[in-house]
Amino acid sequence: MDSDLAKAHELARAGDVAGLMRHLRFTAGRLPVRDTAPLVGRAAELMGFTDLVQAASAVAADPRSPQALYDYGYACVEHGAFALAAVALREALTLVPGEMVIVRELATALESDYRHAEAVALLAEHEALLTPWPDRYLLAYNALLAGDIDRAVREASTLPAPDDERWLPARDGLTRMVERAQAARSAGPMNARDLRGWHFAMTGGVLTTLSPFGFAAGMTGRYAYTTDSFGQCHHALLRLRAALRSAGRTPRTVSLLPDRGDRALGLAAARLLGLPAEPFHPARTDTVVVAYDLGNASDDLLSALYERVSGQILFEHATCWTNPSGVSADISTFLHQVAVAPWGERMRYTEDGEVEKLPPDDRAPEALAADILAADPTPDPGDGETPPDPDEALTAFVSKVAPLWPTQGPRRSVDSPGPVPSSRFA
């Protein structure tokens, strides 16, 4: 038995669903669907995914059935197993070439797996069969997230208005992304290392700092795990002020969110910017709404922040790039997978090399805000691999894109790293 398949059977026998699905994700392209479908079915049974159990059983019974392969691929997409879905759908497509129902579902699987260039190649291969909606939209969108701005511009410019109004948000979002990508290209290289440029193109947000660690080792400016500090919060607010001035934005207030960490950072921002602080109200204009990290925000708050009010600027200090909140900020300090707040519970090594747990800092927001402004804002020099990013680089970028910033329309986050890859950790 193939070693990859043997390992999968070992994980299945142990009942390690997470380990099995992680293993199959990385080996799906090397293993036949007929061998992996029963294993996926077993995992689906343990997770209570009845539809995936039935689809996997159908493939195991007839691995040459296009319908069974399609249904299985569709179920895999529905449950987030995109790599497995892509293999099954490709096999179905070889059995019924040109079947656009399969092509579209395969393009969706590839897009969801962040394999945007492969999605473009697939759709281009069937160009004569493409309809404007959704096919050419998918082609334009994936071309942009693959880094091909010119193709995205061409494809987007030929899209007619959709007959189905449900596609209108997608059309408007693509239009804004293409416009921002063109603006960002005037401000930077827009290559696989230009994290600030592509973050702006995809989300409409300005990223004010890059991680000083692991840039050349796969992170490209994003953090995997980081422990934040009061000094970094202070530096973030200085960068926020520089970005606002460079864009010519003059908010009249700082809006405070209810979470203790949000409030602490908001109070510090108000003092540094010399503005009055007021409780957040969704309709307030000419204000900076300050959030530490929206990852734990309530659905009601996220809903209130989603629709953009003219003159309302949303600042999020720590923005999760692997599990976005659904609301993109107008300004983010850094992108992380896991971030520990300066006042959160943390771990440290003792002089004896042992790990000890430090309790959270439960002081009032006012005391935390004072410590933020008293802390040294000098950024961590890191490992020396991250390209220099002085204040002048940030302000020059903001000046170039200011006509399109802040973006009008809803604050919709994008669940893709786009053309700038970064390593992910479980």
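Reading guide: rules and limits
Residues numbered from 1 in each chain as written. Predicted model: local features only at pLDDT ≥ 70, side-chain atom pairs only at ≥ 80, totals over all residues. Heavy atoms only, no water. Phe/Tyr/Trp six-rings, centres within 6.5 Å; stacked < 30°, edge-to-face > 60°. Helix = DSSP H or I, 4+ residues; strand = E, 2+ residues; numbered from the N terminus. Buried < 20%, exposed > 50% of the residue type's maximum accessible area, 1.4 Å probe, protein only. Polar contact = N/O pair within 3.5 Å; in protein donor to acceptor, adjacent residues only side chain to side chain. Axes fitted to C-alpha atoms, helices over the stretch in contact; angles between N-to-C directions. Parallel < 35°, antiparallel > 145°, perpendicular 65-115°, else oblique. Left-handed = near helix turned anticlockwise from the far one by under 90°. Contact = heavy atoms within 4.5 Å. Nonpolar A, V, L, I, M, F, W, Y, C, P; charged D, E, K, R; others polar. Pairing = 2+ DSSP bridges. Disulfide = S-S within 2.5 Å. Core = buried A, V, L, I, M, F, W, Y, C linked by side-chain atoms within 4.5 Å. Salt bridge = Lys/Arg side-chain N within 4 Å of Asp/Glu carboxyl O.

Draft legend 1. Focus on the packing of aromatic side chains. Inspection of every chain in the model, using the stated rule, returns nine aromatic pairs. Geometrically, the ring pair formed by Tyr 137 and Trp 167 is tilted, given 5.6 Å between the ring centres and 55° between the ring planes. With Tyr 137 in helix H9 (residues 132-145) and Trp 167 in the loop between helix H10 (149-157) and helix H11 (168-185), this pair connects stretches of sequence that are 30 residues apart. Taking relative accessible area as the criterion, Trp 167 reaches 28% and is therefore assigned partly exposed.

Draft legend 2. Structural detail: the side chain of Ser 413. Mapped onto the elements of the fold, Ser 413 is located in the segment after helix H17 (391-401). A distance of 3.3 Å separates a polar side-chain atom of Ser 413 from the backbone nitrogen of Gly 326.

Draft legend 3. A look at the packing of helix H3 (residues 33-47) against helix H4 (residues 50-61). Closest axis-to-axis distance for the H3/H4 pair is 8 Å, and the angle between their directions is 155°. Classed by the angle they form, the pair H3 and H4 counts as roughly antiparallel. The interaxial crossing formed by H3 with H4 has left-handed handedness. Here Val 33, Ala 37, Pro 38, Val 40, Gly 41, Ala 44 and Glu 45 of H3 lie close against H4, whose contacting residues are Leu 52, Val 53, Ala 56, Val 59 and Ala 60. For the contact of H3 with H4, the class distribution of residues is 10 nonpolar, one polar and one charged.

Draft legend 4. Spatial organisation of the environment of Gly 384. With respect to the helices and strands, the residue Gly 384 is situated in the loop between helix H16 (365-374) and H17. With a relative accessible area of 63%, Gly 384 lands in the exposed category. C-alpha separation for the pair Gly 384 and Pro 212, spaced 172 residues apart in sequence, amounts to 7.1 Å.

Draft legend 5. Just the pairing of strand S5 (residues 287-291), in detail. Burial within S5 is extensive, with five of its five residues counted as buried. By the alternation rule, side chains of S5 split into Thr 287, Val 289 and Ala 291 and Val 288 and Val 290, which are all buried. Two strands pair when backbone bridges link them, and strand S3 (residues 253-256) and S5 are joined in this way by four bridges, in the parallel orientation. If you follow Thr 253 over to S5, its bridge partner there is Thr 287. Sheet topology places S5 next to strand S6 (residues 312-320); five bridges connect them, and they run parallel.

Draft legend 6. The arrangement of the sheet that holds S6 in detail. Here six strands make up an open sheet; going across it, the order is S1-S7-S6-S5-S3-S4 and the pairing parallel. Two strands bound the open sheet, and with one partner strand each, they are strand S1 (206-207) and strand S4 (277-279). Direction of pairing for S1 relative to strand S7 (residues 331-336): parallel, over a ladder of two bridges. For Val 206, the partnering residue across the bridge sits in S7 and is Ile 331. Packing of helix H13 (residues 230-247) onto the sheet brings it into contact with S5, S6 and S7, and relative to S6 it is tilted by some 145°.

Draft legend 7. Just helix H12 (residues 195-203), in detail. When you tally the buried positions in H12, you get nine out of nine residues, the bulk of the element. Among the residues of H12, those classed as buried are Leu 195, Arg 196, Gly 197, Trp 198, His 199, Phe 200, Ala 201, Met 202 and Thr 203. Following H12 by one or two positions, Gly 204 adopts a phi angle in the positive range, close to 80°.

Draft legend 8. Representation of the state of the cysteines. With the rule as written, the count across this model stands at zero disulfides. No disulfide involves Cys 320; its sulfur sits 17 Å from the nearest other cysteine sulfur, which is in Cys 233. By relative accessible area, Cys 320 is classed as buried at 15%.

Draft legend 9. Just the nonpolar core, in detail. If you look at the biggest cluster of nonpolar residues, it comprises 122 residues, and the most contacted ones within it are Tyr 72, Leu 237 and Phe 315. The element contributing the most residues to this core is H9, with nine residues. Setting aside anything within four residues of it in sequence, one finds Phe 315 in contact with Ala 236, Leu 237, Leu 240, Leu 265, Val 288, Val 289, Val 290, Ala 291, Ile 331 and Thr 333. Listed in part, the 12 residues of the second largest apolar core include Ala 291, Ala 297, Leu 314 and Ala 329.

Draft legend 10. Region of interest: the pattern of salt bridges. Scanning the entire structure with this criterion turns up 23 salt bridges. Ionic pairing is found between Glu 155 and Arg 136, a salt bridge with its closest N-O pair at 3.1 Å. Of the two residues, Glu 155 is situated in helix H10 and Arg 136 in helix H9; the sequence distance between them amounts to 19 residues. A cluster of three or more residues bridged by salt bridges with shared partners is formed by Arg 90, Asp 113, Arg 115 and Glu 118.

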